[in-house]
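Structural description and commentary
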Amino acid sequence: FKDRLSTRGNLFAKHVLDDDACQRCSGCVEDRQHVFFDCTSSAELWRMLQLSSVAELADANVWTGCPLPHLDAKLLPFVFLIILWRIWDARNAEVFGSEPSSSRRIITRVCDDLVIWQKRLKVDHDVSKLSHWHLFLSSCISSTNSAL
C-alpha cells in the first residue's frame, strides 16, 4: 500500500517502460489499485469471495472493513495478505511466464497457503478459525464449479 511495487505505472513513471497499460486486460493504467482490485481478473476474484466492496475502501480500512459475519475478523488481515500475495504472484506468472490465471486457481493457492500457515499459529482456537476461512474459500471454488 506504499505504492512501491514494480507495476507498469510505476515503471513508466521511472522511464523504464514505454507505456503503463495493463498487459492482462489492456487499456487501463496498471497501478496497485488496478492490479489488486480493478483488473478484470482481480475484480472477479473479489466477487467470488463475496468481497467486491473491498475495492472501494480506503487503504487504512481494507484490513478491517470487509469482515464476513461467519468468519473470524481477527484473521482477516492474515488471509487478506495471502490473497494479495497470490494475486501479485498470478499477475507475474501471467505477464512474465505466459501462464494463464484464473480466480479459481488463485483461491486454490490461497487455500494451500492457509494449510501451510496453520502450523505457524500457536493456539488451537486460531487454527480452528483459520480452518473456517479455508472451508469458506474452498466453498467459493465449489460454488463457482457448480454454477458452470
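Residues numbered from 1 in each chain as written. Predicted model: local features only at pLDDT ≥ 70, side-chain atom pairs only at ≥ 80, totals over all residues. Heavy atoms only, no water.

Examining the overall build of the chain
Along the backbone of the chain there are seven helices and zero strands. Secondary structure elements of the chain, listed N to C terminal, follow the sequence α-α-α-α-α-α-α. Relative to the 2.2 N^0.38 estimate, which gives 15 Å for 148 residues, the radius of gyration of the chain is 16 Å and therefore close to what a compact globule would have. Here the chain holds 148 residues, and the buried ones make up 40% of them. Total accessible area computed for the chain in this model is approximately 8400 Å², and 54% of it derives from carbon and sulfur atoms. On the chain, the mean spot of the 17 positive side-chain charges and the mean spot of the 18 negative ones are 6 Å from each other. (Helix = DSSP H or I, 4+ residues; strand = E, 2+ residues; numbered from the N terminus. Rg over C-alpha atoms; globule rule 2.2 N^0.38 Å. Buried < 20%, exposed > 50% of the residue type's maximum accessible area, 1.4 Å probe, protein only. Areas by Shrake-Rupley, 256 points an atom, 1.4 Å probe, with all protein chains shown as cover. Lys, Arg positive; Asp, Glu negative; His and termini not counted. Charge placed at Lys NZ, Arg CZ, Asp CG, Glu CD.)

Some words on the packing of helix H3 (residues 40–48) against helix H5 (residues 76–97)
At a closest axis distance of 11 Å, the pairing of H3 and H5 adopts a crossing angle of 150 degrees. As judged from the angle between their axes, H3 and H5 are roughly antiparallel. Between H3 and H5 lies a crossing whose hand is right-handed. In this structure, H3 contributes Ser-42, Leu-45 and Trp-46 to the contact, and H5 contributes Phe-80, Ile-83, Leu-84 and Ile-87. The residue inventory of the contact of H3 with H5, partitioned by class, reads six nonpolar, one polar and no charged. (Axes fitted to C-alpha atoms, helices over the stretch in contact; angles between N-to-C directions. Parallel < 35°, antiparallel > 145°, perpendicular 65-115°, else oblique. Left-handed = near helix turned anticlockwise from the far one by under 90°. Contact = heavy atoms within 4.5 Å. Nonpolar A, V, L, I, M, F, W, Y, C, P; charged D, E, K, R; others polar.)

Notes on helix H6 (residues 103–117)
The terminal C-alpha atoms of H6 lie 21 Å apart, and with 15 residues this matches the ideal 21 Å at 1.5 Å per residue to within 8%. Residues Ser-103, Ile-106, Ile-107, Val-110, Cys-111, Asp-113 and Leu-114 constitute the buried set of H6. For H6, the arc enclosing every buried residue in end-on projection is 160 degrees, short of the 170-degree limit, so these residues lie on one face. (Expected span 1.5 Å × (residues − 1). Arc of directions from axis to C-beta.)

What about the confidence of the model for the chain?
Here the chain averages 88 in pLDDT, and 96% of its residues register 70 or above. When pLDDT is averaged over each helix and strand of the chain, the minimum, 82, is found for helix H4 (residues 59–62) and the maximum, 95, for H6. (pLDDT = per-residue confidence, 0-100.)

Quick look at the environment of Ser-138
Tracing the backbone through its elements, the reader meets Ser-138 in helix H7 (residues 124–147). Spatially, the C-alpha atom of Ser-138 lies 9.3 Å from that of Arg-104, the residues being 34 residues apart in sequence.

Things to note about unusual backbone geometry
Note: most peptide bonds trans; most residues except glycine with negative phi. Look at His-15: it is not a glycine, yet its phi comes out positive at around 65 degrees. Mapped onto the elements of the fold, His-15 is located in the loop between helix H1 (8–13) and helix H2 (32–38). Among the residues examined, His-15 registers a relative accessible area of 74% and is labelled exposed. One non-glycine residue, Ser-98, lies in the positive phi region at around 55 degrees.

Digging into the side chain of Asp-113
Mapped onto the secondary structure, Asp-113 falls in helix H6. Apart from the residues within four sequence positions on either side, Asp-113 is in contact with Ile-82, Trp-85 and Arg-86.

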